[in-house]
Amino acid sequence: VSALFTLTTLAEALGIAVPYAAAAVGGIWSEKSGVINIGLEGVLLTSAFSSVAAAHASGSAVVGLLAGVASGALVSVGHALVVERARVDAVLSGIALNFFAYAATRLALRGLYESSSNSPSIDAFRIGPGGAGGGALLARVVLDPVFLLALAAAAVTPWIFARTRFGLRVRAAGDNPEAARAAGVDVLRTRVLALVVSGAIAALGGVHLAFDQHRFESGMSNGRGFIALAAVVVSGWRADRALAACLAFGTLKAVEIALQDRAHGGLSYLFGLLPYVATLVVLAFAAGRSAAPRGLGKHADG
Amino acid sequence: MLLSGALAGLVMMATVIGYKGYAELGLGAGAGFTGIAVALLGRGNPFGIVLAALLFGTVDQAGLAINAFVPREAMSVLKATVIVLVAAANQQQLREALLRRPRPEAA
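Rules and cut-offs
- Residues numbered from 1 in each chain as written.
- Chains lettered and ligands numbered in written order.
- Predicted model: local features only at pLDDT ≥ 70, side-chain atom pairs only at ≥ 80, totals over all residues.
- Heavy atoms only, no water.
- Helix = DSSP H or I, 4+ residues; strand = E, 2+ residues; numbered from the N terminus.
- Rg over C-alpha atoms; globule rule 2.2 N^0.38 Å.
- Buried < 20%, exposed > 50% of the residue type's maximum accessible area, 1.4 Å probe, protein only.
- Contact = heavy atoms within 4.5 Å.
- Areas by Shrake-Rupley, 256 points an atom, 1.4 Å probe, with all protein chains shown as cover.
- Salt bridge = Lys/Arg side-chain N within 4 Å of Asp/Glu carboxyl O.

Asks: So, the overall build of chain A: which residues are in play, and what are the values?
Replies: Along its length, chain A carries 12 helices and 0 strands. Listing each helix as α and each strand as β along chain A from the N terminus yields α-α-α-α-α-α-α-α-α-α-α-α. Against the compact-globule benchmark of 19 Å for 302 residues, chain A has a radius of gyration of 19 Å, which places it among compact chains. On the principal axes, the C-alpha backbone points of chain A span a range of 60 × 45 × 35 Å. Within chain A, buried positions represent 51% of all 302 residues. Long-range pairs, those at least 24 residues apart, make up 79% of the contacts in chain A with a sequence separation of at least 6. For chain A, the accessible surface area stands at approximately 13,100 Å², while carbon and sulfur atoms represent 64% of it.

The following block contains the structure:
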């Protein structure tokens, strides 16, 4: 058993957790402001693609990172406007966003790189020691700028909600939009701004995903946005707990990979189920105590 | 919930036994997700749901029909756009109907 808990496993667990955690914190920003967001999957895909496209075109990982974050914020604002201005059901808009992101990235893959499966490989950030050892791997994961940005975003989110004027407005718009409006808060504006932040943070997950693989693959988010949504619910819409949930999920995944290396045949598929079964069990127990923002899915003027 | 699951299972069984004759990985191909969109677009009204399902089916089939000229992904992008636009138009109509109700003279 001790062979499972090595520095390599720890490094893998942290790396795996980043896309989930970033999407979950982004989801919390959206839902705290009152906008149901099942489009996180689409945000991950869009930002993964645009970061690779920009990094490939410019040869700079920083430009890729910026482009990824900007595109995530953009589609996220699109979701906010479709839901809040055009009054389209938020779940419907989220499904449409996921559809759109999946199809549009495939279309762009074909248009830009004449491939239906993946982009050419790019140079991502290369910081930290080389070598194949567990310690070196851990250092590379932890020193990665995208990892650090995502960690910082998760760390300041509770503080912003608890201590700042903007955070208070976001919570007011999410908890009781009518009262917020009566108190002079522009609910639409607050929600759009919250969705900019949500999209930008979730996009860090997409960028991490793409930079980790050094390329974009069609549909590479592969359900991570939905697992992140589960983390949002389990956490009771709190960033620190969502972070813990995603780290636990990442650890399970890393242990699963370590186990798969040792198992043969059907057993390895069974291990593959492990993180998802765990998610279901935790969700089943967490669903009882609901801590959802009370104005989730409600508009300011009914 | 029991009925819901049974009904969804029945439909997929019909596909597997009557159309394909075998089960394959990822056979549903997102039909479950599209189903949620259909139910929302039809606003829980069985007649509306039939209309919404026909709309989705038409767009899918049209995508296959013009596949030779336009890449399939372009049709999927169009599909997502159509969902949002139809839903928005739907919502707009609903609101106008609500506004009209208390004052019948303002037609």
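Asks: Go over the pattern of salt bridges, please, and point to the residues and values.
Replies: Applying the stated rule across the entire model yields 6 salt bridges over all chains. In this structure, Arg191(A) engages Glu84(A) in a salt bridge whose closest nitrogen and oxygen atoms are separated by 3.0 Å. With a gap of 107 residues between them, Arg191(A) in helix H9 (residues 187-213) and Glu84(A) in helix H3 (residues 61-84) connect regions that are remote in the sequence. Judged by relative accessible area, which is 10%, Glu84(A) ranks as buried. We note a salt bridge from Arg126(A) to Asp123(A), for which the minimum N-O separation is 3.5 Å. In this structure, Arg126(A) and Asp123(A) share a single accessibility class: exposed. One connected set of salt bridges, linked through shared partners, spans Arg106(A), Arg110(A) and Glu73(B).

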